[in-house]
Amino acid sequence: MSTETVHKAPPPQEDPAALADGWADAYTPEHHVYEPHKVGLPPLGPYLSELWRRREFAVELARTKLQAQHFGTVFGMTWLVLNPLLLAGVYFILIDILRSGDRPPGAFAHLLGSIFAYYLVSDAIRMSSRSVTGGGKLILNTAFPRMLLPLSSVLVSIIRFLPTIAILAIVHIATGRPNGLNMLWAFPVALEMIAFATGASVLVAAAQVYFRDLNNFLPYMLRVWLYVSPVLWQASEVPHGYKWLLYVNPLGPMLTAWNEALNQAIRPGGTWLLLGAGYAIVALVIGGLFFISREREFAVRV
Amino acid sequence: MSTASAPAPAPARAAPPAISVEAVSITYHSSLQARGQQTLVGTLSRLRRRKKIVKQVKAVREVSLEVPRGTVLGIIGANGAGKSTLVRAMAGILPPTSGKIEVHGRVSTLLALGVGFDRKLTGRQNVILGGLAAGLSREQLEGKYAEIVEFAELEEFMDMPMRTYSAGMYGRLAFSVAVNMEPDILLIDEALSVGDAHFKRKSFDKMRELCEAAHTIVLVSHGMRAMRELADEVLWLDKGEMKGYGPPPKIIREYQRFMKVEEDDAVGEEDV
Ligand SMILES: Nc1ncnc2c1ncn2[C@@H]1O[C@H](COP(=O)(O)OP(=O)(O)O)[C@@H](O)[C@H]1O
Ligand SMILES: [Mg+2]
C-alpha cells in the first residue's frame with residue numbers, strides 16, 4: 001500500500017489548486033489543522049460560526065438540565081415559579097424586621113423584581129462554574145466549541161427567569177405600582193444583564209478549570225454580591241458615603257436602571273444605562289477571550 | 001513506502017491524505033497528576049514560596065505518519081504507550097505540544113468507551129447530546145436514532161439512566177453511535193471487544209463493512225486478529241515513540257516478540 005499523495009512540481013497558478021479545492025470541498029467538506037497554540041486565540045470568525053452551528057447542543061443541554069432539575073418532581077414546572085417566590089418571601093420578612101415595618105413605597109415589588117434579576121445573573125454564574133469541569137467524558141472524547149457548556153447554563157438561567165416575569169407583573173398590578181411605556185426600558189436593561197451574566201459565566205467556567213476550589217468561594221462571593229447590590233435596599237436610600245457602591249458594582253447600574261424602569265415606570269438614568277452597557281461589554285470581551293484562548297487546553301486538564 | 005513525511009512537503013493539493021501527522025509530540029501538563037487539583041489557595045501559598053508544580057508526561061514523541069483516504073490504520077502498543085493520546089489529537093481534542101496534524105473530513109470518535117456519556121442521563125439523552133456536540137443536526141440525528149438503538153439492541157433501555165447500564169451495554173451503545181454517524185473518518189479506541197460474543201461478532205462485521213466501504217479508520221486495539229484482518233498498516237507505539245510502522249503481519253510479529261521479552265502482556269489480549 002502506498003500513499004496516494006502526488007507531489008507534483010509546484011502547481012501552475014490556478015487550475016490544479018482550484019480543482020483540488022473543488023475536489024476537497026465535494027468529498028471532504030471539513031478540513032482541520034491542529035497546531036500548538038502558543039499565541040492563544042484561534043481565528044475568531046470560524047470559532048463563532050462553529051459555535052453558532054452547534055447551538056442546538058447548548059439548547060438541548062439546557063433542556064435536559066431543566067428536566068433533571070424540575071420536571072422530574074411532582075410539582076414539575078410549578079417549582080420554577082414557587083422557588084423564587086418563596087425566596088422573595090423570606091427576604092421580605094427579613095428586611096421588614098430590620099426596617100421595623102417602615103416600608104418605602106413599592107417595597108415588595110422592588111424586592112421581587114431585583115431578586116429575580118439578581119438570580120438571573122448569579123444562577124448563570126453558579127451553574128456555569130461547574131459546566132466545564134463537569135463536562136468530563138464529553139470534553140475528553142468529542143471536539144466541539146467548549147463555550148457551549150457555560151452558554152447552556154446561561155440559557156437555563158434565562159429560562160428559569162422567564163416565568164418570574166409573570167409573578168412580577170401580578171405583584172406590580174396588585175400593589176398598585178405605576179405603569180407606562182417607560183417600563184419597556186427594562187428590555188435593554190435585561191439584555192445588559194444577560195450579556196454581563198454570559199461574560200462572567202464564561203470567565204468563571206474557565207477559571208474553575210485552573211482553580212478547583214473556586215467553587216468553594218463562589219457561594220460566599222455571590223452572597224456578598226447580593227448584599228452590596230440594590231436588591232434588599234433601594235438605590236435611592238443609599239447613604240452618601242456608600243454611593244460609590246452603585247458604580248463599582250457591575251450590577252449596581254443595571255439593577256438601578258431595572259428598578260427605575262419596572263418599579264417606578266420612569267426613564268432610567270442615562271448614566272446607569274451606559275455604565276451597565278459598559279460593564280456588560282467588558283465582561284463579554286474579557287470572559288470570552290479568556291475562555292476561547294484557553295479552551296483547547298481544557299482536555300488535558302479536566 | 002515510508003510515509004513519515006520528510007521535512008514539510010508542499011501541501012499535497014491533489015489528493016490530501018485523510019489524516020496527516022507531522023512530527024507531533026504531546027505533553028500533558030498535569031496539574032492532574034498532582035494529588036488533588038490545582039487550587040486558588042494552593043497557588044497563592046505556592047506564589048509565596050515561589051514554587052511551581054509542573055509535572056509533565058510526554059505521552060507522544062515526534063510521531064509522523066499519513067493515513068490515506070479509505071485506509072485503515074491500526075495502532076498497537078502497551079498500556080500507557082500513548083495510543084489514546086494520539087487518537088485524541090487526531091480528533092482535535094488535544095492540541096499537539098509541537099508538530100502539526102491535518103485532517104480532511106468529518107471525524108467521529110469512539111474513544112475508550114467514553115463518547116461523552118453522562119451517566120446520570122438516559123441513553124436517549126446521551127445519544128442526542130453526543131450527536132449534537134459532534135456536529136450533527138437534529139434532523140440527521142432523528143434519522144439515525146432508530147438505527148443506533150436497533151444496532152445496539154437496547155430498545156428497552158434507552159430511557160433508563162446510563163448508570164444502570166452494564167459495561168457491555170455501555171460499550172454497545174457507544175460503538176453503535178460512532179459507526180452510525182456516517183463519519184468520513186472513524187477513530188476507534190479499544191472498543192471492538194465490547195459486549196457479549198454475539199455483539200462482538202456483529203461489531204466486527206460492521207467494522208469490516210466500514211473498512212470495505214472505503215472509510216478512513218484509525219483503530220486502536222489489543223486484538224491482534226482484528227488488526228491482521230482489518231488494518232492496512234500498523235503503527236506500534238512504545239512509550240510515546242514510533243517503534244514500528246508498516247504492514248500488519250510484520251509489525252505485529254515484532255510487537256509480539258518484543259512484548260514476550262519485555263513483559264508478558266500479550267497473554268489473554270486476543271479478543272475479537
Ligand atoms: N489526562 C492525562 N493527564 C496526564 N497524563 C495522562 C493523561 N492521559 C494519559 N496520560 C499519560 O499519558 C501516557 C499515555 O497515555 P494513553 O495515551 O492513555 O496510553 P494508551 O492509550 O496507549 O494506553 C500515560 O503515561 C498516561 O499516564
Ligand atoms: Mg488507551
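Basis of the calculations
- Residues numbered from 1 in each chain as written.
- Chains lettered and ligands numbered in written order.
- Predicted model: local features only at pLDDT ≥ 70, side-chain atom pairs only at ≥ 80, totals over all residues.
- Heavy atoms only, no water.
- Helix = DSSP H or I, 4+ residues; strand = E, 2+ residues; numbered from the N terminus.
- Buried < 20%, exposed > 50% of the residue type's maximum accessible area, 1.4 Å probe, protein only.
- Contact = heavy atoms within 4.5 Å.
- Areas by Shrake-Rupley, 256 points an atom, 1.4 Å probe, with all protein chains shown as cover.
- Pairing = 2+ DSSP bridges.
- Axes fitted to C-alpha atoms, helices over the stretch in contact; angles between N-to-C directions.
- Parallel < 35°, antiparallel > 145°, perpendicular 65-115°, else oblique.
- Left-handed = near helix turned anticlockwise from the far one by under 90°.
- Nonpolar A, V, L, I, M, F, W, Y, C, P; charged D, E, K, R; others polar.
- Domains from an automatic or database assignment.
- Buried area = accessible area lost by both parts, 1.4 Å probe.
- Salt bridge = Lys/Arg side-chain N within 4 Å of Asp/Glu carboxyl O.
- Polar contact = N/O pair within 3.5 Å; in protein donor to acceptor, adjacent residues only side chain to side chain.

Here we take up the overall build of chain B. Assigned secondary structure in chain B consists of eight helices and nine strands. Per-residue burial over chain B gives 56% buried out of 272 residues. Taking the contacts inside chain B whose residues are at least 6 apart along the sequence as the reference set, 73% of them involve residues at least 24 apart. Of the roughly 11,800 Å² that chain B leaves accessible, carbon and sulfur atoms contribute 51%.

Here is the key point about a regular strand: its side chains alternate between the two faces of the sheet. Residue and element names in this part refer to chain B. Along strand β8 (residues 233-238), six of the six residues are buried, which leaves the element largely enclosed by surrounding structure. The two faces of β8 match: Glu233, Leu235 and Leu237 on one face and Val234, Trp236 and Asp238 on the other face are all buried. By the bridge criterion, five bridges tie β8 to strand β9 (residues 241-246) in an arrangement that is antiparallel. In the strand pairing of β9, Trp236 is matched with Gly244.

Turning our attention to the packing of helix α8 (residues 186-210) of chain A against helix α9 (residues 214-227) of chain A. Residues and elements named next belong to chain A. Contact geometry for α8 and α9: axes closest at 11 Å, N-to-C directions at 150°. In terms of axis orientation, α8 runs roughly antiparallel to α9. In the crossing of α8 with α9, the sense of the turn from one axis to the other is right-handed. Contacts from Phe196, Val204, Ala207 and Gln208 in α8 reach Leu214, Asn215, Leu218 and Trp225 in α9. Split into classes, the residues belonging to the contact of α8 with α9 amount to six nonpolar, two polar and no charged.

What follows concerns the domain arrangement of chain B. Interface size is often expressed as the accessible area that is lost when the parts come together. Residues and elements named next belong to chain B. When its domains are assigned, chain B resolves into domain 1 (17-31 + 56-105 + 185-272) and domain 2 (111-183). With 21 residues of domain 1 at the interface, the matching set in domain 2 holds 15 residues. Across the domain 1 to domain 2 interface the summed buried area is about 1,500 Å²; carbon plus sulfur atoms make up 71%. Taken together, domain 1 and domain 2 are joined by one salt bridge. Here Glu153 and Lys202 are joined by a salt bridge, their closest N and O atoms 2.6 Å apart. Our count for the domain 1 to domain 2 interface comes out at three residue pairs in polar contact (both at pLDDT 80 or more). Counting residues per element, the ones that place at least two in the side of domain 1 that touches domain 2 are α2 (83-90), β6 (185-189) and α6 (197-212). Here the side of domain 1 that touches domain 2 takes seven residues from α6, the largest share from any one element. When grouped by side-chain class, the residues that make up the side of domain 1 that touches domain 2 number eleven nonpolar, four polar and six charged.

The next thing to look at is the pattern of salt bridges. All names here are of chain A. Evaluation of the coordinates by the stated rule reveals 16 salt bridges over all chains. One salt bridge connects Arg63 with Glu60, and the closest N-O pair in it is separated by 3.5 Å. Here the residue Arg63 and the residue Glu60 both occupy positions in helix α3 (residues 55-71), the gap between them amounting to three residues, near one helical turn. Linking Arg99 and Glu237 is a salt bridge whose minimum nitrogen-to-oxygen distance equals 2.8 Å. Taken together, the positions of Arg99 in the loop between α4 (78-98) and α5 (107-129) and Glu237 in the loop between α9 and α10 (244-248) put the pair 138 residues apart, joining distant regions of the chain. On the accessibility criterion, Glu237 (32% relative accessible area) is partly exposed.

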